[in-house]
Amino acid sequence: MAVTKIVRGQIVHITGSEGWCRVDLETLWRVKTFAIAQIASPMNDLRVAVILAIESSCDETAVAILRGKPDQRAELLSSVVASQIQEHRVYGGVVPEIASRSHSLNLNGLVEKSLEIAAIRMADIDAFGATMGPGLASSLLVGSTAAKAMSCISGKPFIAVNHLEGHLLSPFIEKTAVPHHTGLIVSGGHTQLMEVSSPGKYRKLGSTRDDAAGEAFDKVGKMLGLPYPGGPEIEIAARNGNPNAYDFPRSMMQGGELDFSFSGLKTAVLYTLQKDPNAKTEDIAASFQAAVVDVLVEKTIRASKFSNTRIIGLSGGVSLNRYVRQAFMDRCKKEGFQLEIANPDLCTDNAAMIAFAALLRFLSGKIDPLDGDINPNLSL
Ligand code: KG4
Ligand code: ZN
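Counting of residues starts from 1 at the beginning of each chain's written sequence and follows it residue by residue. Working convention: letters from A go to chains and numbers from 1 go to ligands, in the order in which they are written. With the structure being a predicted model, the display of local features is reserved for residues of pLDDT at least 70 and the display and counting of side-chain atom pairs for 80 or more, all residues being used for whole-chain, interface and lining totals. The basis for every side-chain value is the complete set of heavy atoms in the structure, and neither hydrogens nor water enter the calculation.

### Digging into the overall build of the chain
And step 1. Scanning the chain from terminus to terminus reveals 11 helices and 12 strands.
And step 2. Within the chain, buried positions represent 55% of all 380 residues.
And step 3. Contacts were defined at the residue level, with two residues in contact if any of their heavy atoms lie within 4.5 Å. In the chain, the share of contacts with a sequence separation of at least 24, taken over all contacts with a separation of at least 6, comes to 73%.
And step 4. Here the chain has roughly 15,700 Å² of accessible surface; of this, 51% comes from carbon and sulfur atoms. A helix here means a DSSP run of H or I that spans at least four residues, while a strand means a run of E at least two residues long, and both kinds are numbered starting from the N terminus. Using a 1.4 Å probe on the protein chains alone, a residue whose accessible area is under 20% of its type maximum counts as buried, one over 50% counts as exposed, and one in between counts as partly exposed. Residue burial considers only the protein chains on display, and all accessible areas are found by Shrake-Rupley using a 1.4 Å probe.

Shown next, in the form of structure tokens:
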């Protein structure tokens, strides 16, 4: 693992593999040059905190600026994302080397753009946040190193953020408080049910034992010959399909089980396609989507009853799916739960959610050391 040691204004030591050093140095140099030019005014009045955060855990490079006060609604000043989907599409999935290289190339422009949209200067930022995991090591390293560089050059604190915490809290960005609730994170890398007592106080209620829901969407999309990522493509195909055409398995629906499993469902789709290569793509997509959604909704309601919470938070890339959103809305209405879904712009990876998690951490008096390492397998 590469280790970056930096002291105020100067990179003094970097160890690690050749490839990583190259990305680190390049990113540090660009950000350093830019940041020095921007720093001119004294620190803000810290009764209001302005956070600049970077997200680079996978294939989206994102920067956001968020302003907030304790116990008040935060204000998202800017949120910019450079998607790499087109770059990876030709390979049918994310290529780590391409991802980290693109992060490095995109980051400086995105930092500039986020400041421009927020209409503030680098000097107005009170703390810098970045995703430290989970995710691709070489991608995490680029964003976190850039945020650390800005932090050490400006002398402002650095805040390490767990990507999953970002998703989990994302339904409550720009709301007055994060209530006691049950949160479902449903993304390409994770499917996880959490009880959230308050920011920072979490209890895991269930998670997937094999594929994440988004991963299953992407793999089934591939089987159907749809472009990467399969999730949005399956949603589109399913609009013209019959959700009852195939009775795909709903795993672990019996008893009080709160964990998920999607590999059996994926295999069932594969067998169906092997048996009937002319099966209608739209029908497979609609039936697969219905099976995933039934499980997600049922387990989330079950988990909410188990944790005795009346509010449900829904986040992560798959929560962008309109069929998923509608199914949760219908069931929550029927059972009297309050549903909070992340804004569609903030379902897939973004830096606003990282800035929000960083803001809450900062306002509670916590900051993080500059020599803390990324963790590709970080859990919540
Ligand atoms: O949260 P996210 O951007 O990244 C991770 O943290 O994993 O989620 C990406 C996942 C991908 O698997 C993608 O296919 C899925 O979210 N996704 C969708 C939709 N939009 C994105 N899945 C189903 N329907 C969608 N409309
Ligand atoms: Zn994510």
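### Some remarks on the coordination of the zinc ion (ligand 2)
And step 1. His-163 (NE2), His-167 (NE2) and Asp-349 (OD) make up the full set of protein donors to the zinc ion (ligand 2), lying at 2.0 Å.
And step 2. Counted as coordinating are nitrogen, oxygen and sulfur atoms within 2.8 Å of the metal, or 3.2 Å for Na, K and Ca, while water is not included, which may make sites look incomplete. Working rule for geometry: tetrahedral if four donors all subtend angles between 85 and 135 degrees; square planar for four, octahedral for six, if opposite donors exceed 155 degrees and the others stay between 65 and 115; irregular in every other situation. Coordination geometry of the zinc ion (ligand 2): the four donor atoms subtend angles of 98 to 129° at the metal centre, consistent with an arrangement described as tetrahedral.
And step 3. Between consecutive donors of the zinc ion (ligand 2), the numbers of intervening residues give the motif H-x3-H-x181-D. In this pair, His-167 is assigned in helix α5 (residues 163-169) and Asp-349 in the loop between β12 (338-341) and α11 (352-363), connecting sequence segments 182 residues apart. Assigned by exposure class, His-167 and Asp-349 land together as buried.

### Observations regarding the pairing of strand β10 (residues 201-207)
And step 1. Note: two strands are recorded as paired if DSSP finds a minimum of 2 bridges between them. Both strand β9 (residues 191-198) and β10 contribute to a ladder of six bridges, which runs antiparallel. Its bridge partner lying in β10, Met-194 is registered against Lys-204.
And step 2. Here β9 folds back onto β10, and the loop between the two strands holds two residues, one of which, Gly-200, carries a positive phi near 95°.

### Considerations on the site of ligand 1
And step 1. A single heavy atom is enough: if one lies within 4 Å of a molecule or strand, its residue is considered near that molecule or strand. With respect to spatial proximity, 20 residues lie near ligand 1, and among them Gly-188, Asp-218, Glu-235, Asn-321 and Asp-349 are the closest.
And step 2. One of the side-chain nitrogen or oxygen atoms of His-163 is found 3.2 Å away from an oxygen atom of ligand 1.
And step 3. Contact between ligand 1 and Asp-349: an oxygen atom at 2.9 Å from a main-chain N or O atom of the residue.
And step 4. Contact with the protein chains hides 89% of the accessible area of ligand 1, taken as 550 Å² for the molecule alone. Whenever a nitrogen or oxygen atom comes within 3.5 Å of another N or O atom, the pair is scored as a polar contact, on the condition that within protein one atom can donate a hydrogen and the other can accept it, and that pairs from neighbouring residues in sequence are kept only if both atoms are in side chains.

### What to know about the sheet that holds β10
And step 1. Strand order in the open sheet made by the five strands is β10-β9-β8-β11-β12, with mixed pairing throughout. Pairing within the sheet leaves two strands with one partner each, and these edge strands are β10 and β12. The sheet shows a mean angle of 25° between the axes of neighbouring strands, direction not considered.
And step 2. Of the strand pairs in this sheet, strand β8 (residues 181-186) and strand β11 (residues 311-315) are connected by four bridges, and their pairing is parallel. Axes here mean lines fitted to C-alpha atoms, for a helix over just the part in contact, with angles spanning 0 to 180 degrees between N-to-C directions.

### Some details on the pattern of salt bridges
And step 1. Counted as salt bridges are all cases of a side-chain nitrogen of Lys or Arg within 4 Å of a carboxyl oxygen of Asp or Glu. For the structure on display, the rule yields 17 salt bridges.
And step 2. Put simply, Glu-75 and Arg-67 hold a salt bridge, and the shortest N to O gap is 3.3 Å.
And step 3. Arg-67 sits in the partly exposed class, given a relative accessible area of 30%.
And step 4. Here Lys-266 makes a salt bridge to Asp-211, at a shortest N to O gap of 2.8 Å.

### As for the sheet that holds strand β3 (residues 49-55)
And step 1. If you trace the five strands from one edge of the open sheet to the other, you get β5-β4-β3-β6-β7, paired in mixed fashion. Single-partner strands in this sheet number two, and they are β5 (75-83) and β7 (158-162). Pairwise comparison of adjacent strand axes, ignoring direction, gives a mean angle of 20° for this sheet.

### Comments concerning unusual backbone geometry
With the exception of glycine, most residues fall at negative phi, and the peptide bonds are largely trans.
And step 1. A cis amide bond links Gly-133 to the next residue, Pro-134, at an omega of -10°.
And step 2. Looking at the element boundaries, Pro-134 is found in the loop between β6 (127-133) and α4 (137-154).
And step 3. For the peptide bond that leads from Tyr-228 to Pro-229, omega is -5°, which places it in the cis range.
And step 4. Examined against the element boundaries, Pro-229 turns out to sit in the loop between α6 (213-223) and α7 (230-238).
And step 5. For Ala-119, which is not a glycine, the phi torsion comes out positive at approximately 55°.
And step 6. Within the secondary structure, Ala-119 is located in the loop between α3 (96-118) and β6.
And step 7. Even without glycine at this site, Asn-308 takes up a positive phi of about 60°.
And step 8. When you line up the elements, Asn-308 lands in the loop between α9 (281-307) and β11.
And step 9. Assessed through its relative accessible area of 66%, Asn-308 is described here as exposed.

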